[in-house]
Amino acid sequence: MLKDINVGRYYPASSPLHRADARTKIIVSVLFAIMVFAFDTPAAMLLLGIFCIAGIAIAHIPFGYALKGLKPLRWFILFTIIVNLLFTDGATLWQWQLLRITDRGMLNAVITAYRLVLFVTGTSVLTLTTPPIALTDGIARLMRPLRRIGVPTDDIAMMISVTLRFIPDFADDAEKIMKAQRARGGSLSEKGLIGRIRAVIPVTVPLFASAIRRSGDLALAMDSRCYGKGTRRPRNKSVFSKIDATVFAVTGALAIFLLIFQIMH
Amino acid sequence: MIQITGLCRRYGGRYVLKNIDLKIKAGSFVAIVGANGSGKSTLAAHLNALLKPEEGSVIVDGMDTRDADRLFDIRERVGMVMQNPDHQAVASIVEDDTAFAPENLGFDETETQSRVDRALDAVGITHLRQRPISTLSGGQKQLAAIAGIFAMCPQYMICDESTSMLDPTSRRRVLSCVKQLNKNLGLTVIWITHYMDEAAQADRVIVLDNGRIAADDTPSQVFNNSELLDRCALELPPCAALAAELKKEGININALPLTAEECANMIATLTEAAQ
């Protein structure tokens, strides 16, 4: 299940979105995330869904692959659906003792689940189409103005990039540890809170140990390759192209349209 | 040349390196062997200034590793490939990862690209340049790590048990690649290993035992010293082990063969003598 995590995985392909500047994709992803949570009309939701699907299609990412990232979040999504369904006020549609489903609860549950799906799938397009080094470069260049007030922007960008790059590896490690614990008769599905905590410890402790070892090795590898010399000049200094202009124009138009639509309704 | 004088290092009050005196000449292929905990990796980390000497000194081509101003010059000159092929890549694409060091060194795009091309070509993985590192085999990942170091154009390359997590075919391929870099391009190789058949292919073998140098000699001298091997818990390379068994059976063998070629020659000589 954990190996299905898409965040941080790069999907190599030759698509316009892969060629777009990392800065464009970062800004558009942030804008997309804001739009997903700011606009709540059905029309806005529909348009954002179409926008997300179009992005995946243009990036030449198989839909199955893009949606795979949702699998580890299915219980969280289910939880938010249940909470919204049962604890939102409105006109009662069904009631059994203290449990009550309302019309607004139904709507909220659907919208929240839909938003989470859109948010995860849409933002994973950023990492699926951008190699970590390009992502680092993009973040560093976007944060460059902060250098003037002494913020170590390059280091922060490298930390973000390395974190994203290692999420799938940690997921793989967790998967291996869980299999190893199961192979030795360990149960990961104990009942009760204490039981569950007890079941999780044999996974989290080796996972932490593995993460510390891995990050120690990576730090040594980076030191060995002269990271921190202060003269870093990344290759492929991407420049804004027609693709970036198009992506900005489409996203901007969508944002303005949805804003006006939201104000009018 | 790397010159180590009186190097000492302690962990928790216990010496892991004690009074190490060593000279490594440019262009040589030096193997460092020893049991776990003998100090091999600690010694390696001193060679490119990942660790600073507590006592003694490490001088790399005239630069003292304690001199903070020369830190990056030393690391540029002495590259290090580590054990785990999954823990070294910074980027996710082979070419991007190879470019990481030249980018850190501040070369312009043309120079960085030229170094990347040269490194990938020298290591023989040009065809993998656009591949995600996660899709490579262990051996290919280790070759990519070597390319990442070689792109700095180092004078010395430390391989710290770089074949220990690989299958036999990948192991041979990685060793063969490093030997080619040593032979054709004059790269000095410091090869740390637990595999004696790999150590037997070096120009010189240094045996570490409890943080001290137990032997520093040619492979032939080291592997014909059974008392040394027993004391340091080392085994013979497979070919030498075969010859040692034959010797026990009373067959007259003067020097143990260390490579398959030497072993074949020995068997041919013995067969001729028997006829």
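Residues numbered from 1 in each chain as written. Chains lettered and ligands numbered in written order. Predicted model: local features only at pLDDT ≥ 70, side-chain atom pairs only at ≥ 80, totals over all residues.

## Remarks on the domain arrangement of chain B
A common way to report how large an interface is uses the accessible area buried once the components associate.
Residue and element names in this part refer to chain B.
Then, number 1: Splitting chain B by domain gives domain 1 (2-235) and domain 2 (236-275).
Then, number 2: The biggest single contributor to the side of domain 1 that touches domain 2 is helix H8 (residues 219-223), with 3 residues.
Then, number 3: Considered class by class, the residues forming the side of domain 1 that touches domain 2 number 5 nonpolar, 3 polar and 2 charged. (Domains from an automatic or database assignment. Helix = DSSP H or I, 4+ residues; strand = E, 2+ residues; numbered from the N terminus. Nonpolar A, V, L, I, M, F, W, Y, C, P; charged D, E, K, R; others polar.)

## Remarks on the sheet that holds strand E5 (residues 63-64) of chain B
Residue and element names in this part refer to chain B.
Then, number 1: Reading across from one edge, E2-E1-E4-E5 is the order of the 4 strands in this open sheet, with antiparallel pairing throughout. Taken across any chain shown, the strands that pair with only one partner, and hence form the sheet edges, are strand E2 (14-24) and E5.
Then, number 2: Where strand E1 (residues 2-11) lies against E2, 7 bridges are found, and the strand directions are antiparallel. Within the sheet, the bridge partner assigned to Ile4 lies in E2 and is Leu22. (Pairing = 2+ DSSP bridges.)

## Quick notes on helix H5 (residues 138-150) of chain B
Residue and element names in this part refer to chain B.
Then, number 1: Across its 13 residues, H5 extends 18 Å between first and last C-alpha, which sits within 8% of the 18 Å expected from 1.5 Å per residue.
Then, number 2: Among the residues making up H5, those that are buried are Gly139, Gln140, Lys141, Gln142, Leu143, Ala144, Ala145, Ile146, Ala147, Gly148, Ile149 and Phe150.
Then, number 3: In this fold, the buried residues of H5 make contact with strand E6 (78-81), helix H3 (94-104), helix H4 (109-123), strand E7 (156-160) and helix H6 (168-185). (Expected span 1.5 Å × (residues − 1). Buried ≥ 20, exposed ≤ 12 C-beta atoms within 10 Å, placed from the backbone. Contact = placed C-beta atoms within 7 Å.)

## A few points about the sheet that holds strand E10 (residues 212-217) of chain B
Residues and elements named next belong to chain B.
Then, number 1: If you walk across this open sheet you meet the 6 strands as E6-E7-E8-E3-E9-E10, and the pairing is mixed. With partners counted over all chains shown, the strands left at the sheet margins are E6 and E10, one partner each. Averaged over neighbouring strand pairs, the angle between their axes works out to 20° when direction is ignored.
Then, number 2: Helix H1 (residues 40-47) contacts strand E3 (29-34), E6, E7, strand E8 (188-192) and strand E9 (204-209) of the sheet and is inclined by roughly 155° relative to E8.
Then, number 3: Its contacts with the sheet place H5 against E6 and E7, and it is angled at close to 165° to E6. (Axes fitted to C-alpha atoms, helices over the stretch in contact; angles between N-to-C directions.)

## Concerning the nonpolar core
Most often, soluble globular proteins have nonpolar side chains that are buried together.
Then, number 1: The biggest cluster of nonpolar side chains holds 98 residues, and the ones touching the most others in it are Ile32, Val123, Ile146, Ala147, Ile158 and Ile190 of chain B.
Then, number 2: No other element matches the 7 residues that H5 of chain B contributes to this core.
Then, number 3: When residues of this core are sorted by domain, at least three fall in each of domain 1 (2-235) and domain 2 (236-275) of chain B.
Then, number 4: The contact partners of Ile190 of chain B, leaving out residues within four places of it in the chain, are Ile24, Val30, Ile32, Ala44, Leu47, Tyr156 and Ile158 of chain B.
Then, number 5: The next biggest cluster of nonpolar side chains, apart from the first, holds 22 residues, and it includes Ala20, Ile56, Val125 and Leu258 of chain A. (Core = buried A, V, L, I, M, F, W, Y, C linked by C-beta atoms within 7 Å.)

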